[in-house]
Amino acid sequence: MFAFRPKSLFKLGMGADTDSLVSRLEVVEVGRRRRWSDAEKLRIVAESMAGRRLVSATARRHGISRSQLNTWRRLAREGRLVDSSDMVEATATTFAPVVVAADPPTPPAPDGDRVEILLANGRRVLVSVGVDADGLARLVRALERA
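**Points about the side chain of His62**
- Within the element layout of this structure, His62 appears in helix α2 (residues 55-62).
- Among all residues touching His62, those that are not within four sequence positions of it are Arg34, Trp36, Arg43, Ile44 and Glu47.

What follows is the structure, encoded as C-alpha cells:
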C-alpha cells in the first residue's frame, strides 16, 4: 500500500529541460499475484477443453491470460501438470527404498550337493547336483541374453 501527502509538490527530474512539478501523484494497484494449485490448474484446463473455442472465454472467466492457460494445457498434455495429492499416492506405491551396499554379498560356500556355474557375462549360478539339465540349460540361455 502506498500513501502520499495529497497536496505536496513533487519535482520529477527527467532531464534539465523537462523538469516539472506535480501536485498529485496516483499509484494504481495492478493486483496481486495469484497462486494456483495443480488441482485448480487441471480443473481450469479441463474446462477449457470441454468444447470448441473455449480457451479465451475460460481464461477471461478465471482472470488469467490466454497464454498462461495455453501453457497449462501444454504441461497437462506432456504429463507435467499433475495433482500433487495424486503424486504423493503414486510415489508411495511406485517407489521402494534402495540400499546400496559397498561390496556385493558373498554366496554361501558350496558344499558337496551344489555346483557353481560361472557364465560368460560374469554371472554365477549355484545349483544342486540333481538339477534338471533341460531346465538349467533354459535358465543359462536366459541369463546369458539378459
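Anyway, onward from the coordinates.
**What about the packing of helix α1 (residues 38-48) against α2?**
- At a minimum axis distance of 8 Å, the contact between α1 and α2 shows a crossing angle of 145°. In this structure, α1 crosses over α2, and the sense of that crossing is right-handed. Seen from α1, the contacting residues are Arg43, Ile44, Glu47 and Ser48; seen from α2, they are Val55, Thr58, Arg61 and His62.
- In terms of residue class, the contact of α1 with α2 is made up of 2 nonpolar, 3 polar and 3 charged.

**Digging into the pairing of strand β3 (residues 114-118)**
- When β3 meets strand β4 (residues 124-128), the two strands line up antiparallel, connected through 5 bridges. Across the sheet, residue Ile117 finds its bridge partner in β4, namely Val125.
- In textbook terms, the turn of a hairpin is the stretch between consecutive antiparallel strands, and for β3 and β4 this stretch comprises 5 residues, one of which, Gly122, has a positive phi near 95°.

**A look at the side chain of Ser48**
- Mapped onto the fold, Ser48 is located in helix α1.
- Classification of Ser48 by relative accessible area gives buried; the value is 2%.
- Within the structure, Ser48 has its side chain in polar contact with the backbone oxygen of Val45 (distance 2.7 Å).
- Those residues within four positions of Ser48 in sequence are excluded, and the remaining contacts are Leu54, Val55, Thr58, Leu69 and Arg73.

**Quick look at the pattern of salt bridges**
- For the structure shown, the criterion picks out 5 salt bridges.
- The residue Asp38 makes a salt bridge to Lys41 at a minimum N-O spacing of 4.0 Å. On the criterion of helical spacing, the pair formed by Asp38 and Lys41 is a turn pair, its members being 3 residues apart in helix α1.
- Residue class for Lys41 comes out buried when judged on its relative accessible area of 18%.

**Some remarks on the confidence of the model for the protein**
- Of the residues in the protein, 64% have a pLDDT of 70 or more, and the chain-wide mean is 75.
- The weakest mean pLDDT in the protein belongs to helix α4 (residues 84-94) at 51; the strongest belongs to helix α3 (residues 66-77) at 92.
- Of the regions scoring below 50 in pLDDT, residues 4-8 engages in 6 contacts with residues more than four places distant in sequence or in other chains.

**Brief notes about the environment of Leu118**
- Mapped onto the secondary structure, Leu118 falls in strand β3.
- Using a relative accessible area of 62% as the deciding quantity, one classes Leu118 as exposed.
- Separated by 22 residues in sequence, Leu118 and Val140 have C-alpha atoms that sit 10.0 Å apart.

**Some details on the nonpolar core**
- One finds Trp36, Ile44, Val45, Val55, Ala59, Ile64, Leu69, Trp72, Leu75 and Leu81 forming the largest nonpolar core, which totals 10 residues.
- Of all the secondary structure elements, the ones that give two or more residues to this core are α1, α2 and α3.
- Broken down by element, this core gets its largest block of residues, 3 residues, from α3.
- If near-sequence neighbours (up to four positions away) are discounted, Trp36 is found in contact with Lys41, Ile44, His62, Ile64 and Trp72.

**What about the packing of aromatic side chains?**
- According to the stated counting rule, one finds 1 aromatic pair in the structure shown.
- Ring geometry for Trp36 versus Trp72: centroids 5.8 Å apart, planes at 70°, classification edge-to-face. Taken together, the positions of Trp36 in the loop between β2 (20-22) and α1 and Trp72 in helix α3 put the pair 36 residues apart, joining distant regions of the chain. For the residue pair Trp36 and Trp72, the accessibility class agrees, reading buried in each case.

Conventions we followed
- Residues numbered from 1 in each chain as written.
- Predicted model: local features only at pLDDT ≥ 70, side-chain atom pairs only at ≥ 80, totals over all residues.
- Heavy atoms only, no water.
- Helix = DSSP H or I, 4+ residues; strand = E, 2+ residues; numbered from the N terminus.
- Contact = heavy atoms within 4.5 Å.
- Axes fitted to C-alpha atoms, helices over the stretch in contact; angles between N-to-C directions.
- Left-handed = near helix turned anticlockwise from the far one by under 90°.
- Nonpolar A, V, L, I, M, F, W, Y, C, P; charged D, E, K, R; others polar.
- Pairing = 2+ DSSP bridges.
- Buried < 20%, exposed > 50% of the residue type's maximum accessible area, 1.4 Å probe, protein only.
- Polar contact = N/O pair within 3.5 Å; in protein donor to acceptor, adjacent residues only side chain to side chain.
- Salt bridge = Lys/Arg side-chain N within 4 Å of Asp/Glu carboxyl O.
- pLDDT = per-residue confidence, 0-100.
- Core = buried A, V, L, I, M, F, W, Y, C linked by side-chain atoms within 4.5 Å.
- Phe/Tyr/Trp six-rings, centres within 6.5 Å; stacked < 30°, edge-to-face > 60°.

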